[in-house]
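The lines below spell out each chain.
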Amino acid sequence: MKKTSRSFLHLFALQLFLLPLLGVTQTAVAEEFNFPGLSGTVTVTEDQYGVPSIRGNSELDVAFVQGYIHARDRFFQMDYFRKVATGRLGELVGAAALPNDISLRTLGLGRAALKSWQKADADAKGIMQSYANGVNTWLTCNPLRPEYTALELTKVDPWTPHDTLSYIKLLAWTLSFDAGDVDNTINLLTYQGVGEVVGFDGTALFTQDVFRVQPPDGRVTVPGFLSGIGGAGGAQADNSSGIEKSGNQVMSVDKAPGAEQSPYPDNMLEMALALKEGLSQSPMLARAFGFQEWDRGSNEWAISGDFTESGFPIIANDPHLTLDTPATFHESNLIYDLGEDSYSVSGVQFAGAPGIILGCNDNICWGATVNAMDVTDIFQDVVQTNALGLFTHSVHNGEPEPLQLTYQSFFVNVTGNETPDTIVRANLGVDAGGITFVSPRRNHGPFVPGGSGNSQFFIQYTGWGPTKEMNFILDSNRARDMEDFKDALQSFDVGSQNWIYGDVEGNIAYFTSAENPIRSDLAQGTVDGGVPPWFIRDGSGALNHEWLPVMNPQPGQA
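This report concerns the structure included in the present document.

Moving on to empty space enclosed by the protein. Under the criterion given, the structure shown has seven cavities of 30 Å³ or more. Volume-wise, the largest cavity comes out at about 330 Å³. Around the largest cavity, the lining is made up of 26 residues, and of these Leu-175, Phe-350, Ile-357, Phe-492 and Gln-497 lie nearest the centre. The set of elements that each furnish at least two residues to the lining of the largest cavity consists of α7 (161–176), β12 (364–370), α13 (469–478) and β22 (497–503). A per-element tally of the lining of the largest cavity places α7 first, with five residues. Within the lining of the largest cavity, the residues separate by chemical class into 19 nonpolar, six polar and one charged.

This part covers the pattern of salt bridges. Applying the stated criterion across every chain yields a total of 20 salt bridges. Two residues, Arg-441 and Glu-401, come together in a salt bridge whose shortest N-O distance is 2.7 Å. One end of the pair, Arg-441, is in the loop between β19 (435–439) and β20 (445–452); the other, Glu-401, is in strand β15 (residues 399–402), and 40 residues separate them in sequence. The class for Arg-441 is partly exposed, based on a relative accessible area of 31%.

Between its first and last C-alpha, helix α8 (residues 180–198) extends 27 Å over 19 residues, near the 27 Å set by a 1.5 Å rise per residue. By the burial criterion, the buried members of α8 are Gly-180, Asp-181, Val-182, Asp-183, Asn-184, Thr-185, Ile-186, Leu-188, Leu-189, Gln-192 and Gly-195. Those residues of α8 hidden inside the fold are in contact with α9 (202–210), α11 (268–279) and β13 (376–385).

Relative orientation of the contacting elements helix α5 (residues 122–141) and α13 amounts to 90°, with a least axis distance of 10 Å. With respect to α13, the element α5 is oriented roughly perpendicular. Of α13, the residues touching α5 (which contributes Asp-123, Ala-124, Ile-127 and Met-128) are Met-470, Asn-471, Leu-474 and Arg-478. Residue composition of the contact of α5 with α13, by class: five nonpolar, one polar and two charged.

Parameters at a glance
- Residues numbered from 1 in each chain as written.
- Predicted model: local features only at pLDDT ≥ 70, side-chain atom pairs only at ≥ 80, totals over all residues.
- Heavy atoms only, no water.
- 1 Å grid on protein atoms, 1.4 Å probe; cavity = no way out; pocket = protein on both sides within 12 Å on 5 of 7 lines; lining within 4 Å.
- Points joined across faces, edges and corners; volume = space filled by probe spheres on them.
- Helix = DSSP H or I, 4+ residues; strand = E, 2+ residues; numbered from the N terminus.
- Nonpolar A, V, L, I, M, F, W, Y, C, P; charged D, E, K, R; others polar.
- Salt bridge = Lys/Arg side-chain N within 4 Å of Asp/Glu carboxyl O.
- Buried < 20%, exposed > 50% of the residue type's maximum accessible area, 1.4 Å probe, protein only.
- Expected span 1.5 Å × (residues − 1).
- Contact = heavy atoms within 4.5 Å.
- Axes fitted to C-alpha atoms, helices over the stretch in contact; angles between N-to-C directions.
- Parallel < 35°, antiparallel > 145°, perpendicular 65-115°, else oblique.

Quick look at the structure:
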């Protein structure tokens, strides 16, 4: 099938009209697919820009051919990102990728993807498997792209649903994971240390001036939150709780970060610096520091049909994702001839997953921008070791809790020896990534080096567990109205987004989505120990910093 290449513009505006989405004009080329594994013929029509319209009589068949087209257009990109996500990039590009592989394998996006697969329903599993079958059909029928020749590789692993979920986990992680707690702790302790030497209040300078994070007024969701942390607007606080009033401001005297009751050991600054240095060895993890300062937002807007010539709403969405070559997104139109249940959807998807992530179907349009929820906490936990010096337990409220040990094997591609497919083992020591220590208490989050003695760091993040973003993709593509779309959003668990919405009934709307951790102390209206969740938190149980378990899960909630 001839393809005319086209770079997808990240600015895309989607306008709703009473015109069928099937009306692709100025057709360039069309082809029928009848591969084994398809229940019927699937027709692919490409316009003059190379954008495919895939028409089939079943959702599984369309997913199969979408996988085939993605592999045809982008397989090296797909292979690259699945290996990044699962900590196997060295098998593609060589030993230079090992620091990134060690970090990503430690974090465990691949482990998390396996949990998502195990919890996925039959519908999502079937679509992802059919998509993978289409990718592998292309691999079987075609030679590998020139990139593999340069890397001296002649074969690749088949695509699996686990690869799709790992890539989805990676995308969500890049948009939501935040290691800024480490930076904040380093900065605070540095200000305090210099203040002690020079003679100024380093805590006040940090929290009230240079790194001020308190809202200007009382419009927060936790009752008494501002007075509990020494913020403005807490006029109802009394001095019996240790709060000192000063005009309209309320200062926490005995619970501010760095006060005498600080939960941090004397060597916390050195440990936090070591933690940052270790994590920053990975280029991808280095970006997670100072997350709030990164320009990761996007733009979106909606105009009601009351203000348009057509009478229908307009939605515009500008996702600020990297303008790569090949492009971040892959554009396509998917047409499902299902009798009375027929529908079509048009928009963009990340090559590596079925369906459409941003776009329009026959009745609705939707777009998204990043919503910077705080879904990551770094905990200072107490650990126990065995005779070999390996961590065996974390200790919470005085009770030891077993850690899970995952043994890692790393391989790298060796080039320049005139022998293709030379993949050799990289022998790494126990303390260099050979074993990953996982804490079930931390949502199966990993130990990360930087601590000292029995005081060590673990990362808790909402994405470490099973999540259901694939269900959101499928359900949003099928949605017929706002209620259907809201139901679909219940499955968008991690990678928090602001969603813009419009439909043929004239509705426009805005939603946020993703699961947000409920911290035990904040849920009670306090910040125990004076350490809010944008600093390294105490994992011993003494300061009530734990995430509350999900006691009443909502439909679709992971």
